[in-house]
Amino acid sequence: MSIPFNPKAKTIIPQKNRRTVPIPTYSGGLTARNTYNAPGQMGTGLTKIIDNVTETAQAIDKRMAVAAAEQKGQREQELNPDYVAPGTPFTITGQAYQKGANTAFITRKEKEYKQKLSEIGFANQNDLEKYDTAVNEYKDTWLSSLPQNLQNDLSLEYDKSAFNIRIRLDAEIRKEQYDSESKLLQDEYKDQAFAITNI
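Residues numbered from 1 in each chain as written. Predicted model: local features only at pLDDT ≥ 70, side-chain atom pairs only at ≥ 80, totals over all residues. Heavy atoms only, no water.

Engineer: So what's going on with the pattern of salt bridges? Which residues, and what values?
Structural biologist: Per the counting criterion, the structure on display carries seven salt bridges. For the salt bridge of Arg166 with Asp132, the shortest nitrogen-to-oxygen distance reads 2.9 Å. Note that Arg166 is positioned in helix α4 (residues 148-197) and Asp132 in helix α3 (residues 128-144), a separation of 34 residues in sequence. Asp132 sits in the partly exposed class, given a relative accessible area of 26%. Here Lys175 and Asp179 are joined by a salt bridge, their closest N and O atoms 3.2 Å apart. One end of the pair is Lys175 and the other is Asp179, both in helix α4 and four residues apart, which spans about a single turn. (Salt bridge = Lys/Arg side-chain N within 4 Å of Asp/Glu carboxyl O. Helix = DSSP H or I, 4+ residues; strand = E, 2+ residues; numbered from the N terminus. Buried < 20%, exposed > 50% of the residue type's maximum accessible area, 1.4 Å probe, protein only.)

Here is the structure:
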């Protein structure tokens, strides 16, 4: 048995008396945007949040690593009499380690030369030429014990300290000269006054 085939009837659309309906349109300044994300794609908002969290975590990690490396450099330099920092660090933590070691080393060397300059100043209170000679001799031997990368900076600090002590010594010498000359003048005036009163 076969099923009879009936062709589909065509829909008849009347051409006369058709109504036209206007299609609403938007005339504003904004345009519609596609907000659809295909399944399996992460949204751009989520990607930005993850990027910000990652950058923040890296910045915190970097600060912590730098602080720890700087403290380690200071500790090791304080325990070691010799200079321990590497010559040219290539990493951030290497630079921080060197900074810490340099800080501890410079602090120790500054104490050393300031004490020695005070001793030289005390030994040569009345003679600035001897003071200058002794300061220059000590500077040469002291600078030779420093690493090359710190010599220029510490040399300037040494010169400043030596000059400040020299100014103090010069002021003390001038004060002593003034006091002695003042005493001589006072004695001379007393002698003249006594001579005048006894005439």
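Engineer: Quick rundown of the nonpolar core? Include the residues and the values.
Structural biologist: Core analysis: the largest hydrophobic core is formed by 18 residues, its most contacted members being Leu117, Tyr131, Val135, Trp142 and Tyr158. Elements with a contribution of two residues or more to this core: α2 (92-123), α3 and α4. Per-element accounting of this core gives the leading share, seven residues, to α4. Sequence-distant contacts of Tyr158, defined by excluding residues within four places in its chain, comprise Tyr113, Leu117, Val135, Tyr138, Lys139 and Trp142. (Core = buried A, V, L, I, M, F, W, Y, C linked by side-chain atoms within 4.5 Å. Contact = heavy atoms within 4.5 Å.)

Engineer: Describe the packing of aromatic side chains, naming the residues involved and giving the relevant values.
Structural biologist: Counted by the stated rule, this structure contains four aromatic pairs. Taking the centre distance of 6.2 Å and the plane angle of 35° together, the rings of Tyr138 and Tyr158 count as tilted. Of the two residues, Tyr138 is situated in helix α3 and Tyr158 in helix α4; the sequence distance between them amounts to 20 residues. Considered together, Tyr138 and Tyr158 belong to a single accessibility category, that of buried residues. Between the aromatic rings of Trp142 and Tyr158, the centroid separation amounts to 5.4 Å while the plane-to-plane angle is 20°, which identifies the pairing as stacked. With Trp142 in helix α3 and Tyr158 in helix α4, this residue pair connects regions lying 16 residues apart in the sequence. By relative accessible area, which is 2% here, Trp142 ends up buried. On the basis of relative accessible area, Tyr158 is assigned to the buried category, the value being 0%. An aromatic cluster is present here, built from Tyr113, Tyr138, Trp142 and Tyr158 joined pairwise through their rings. (Phe/Tyr/Trp six-rings, centres within 6.5 Å; stacked < 30°, edge-to-face > 60°.)

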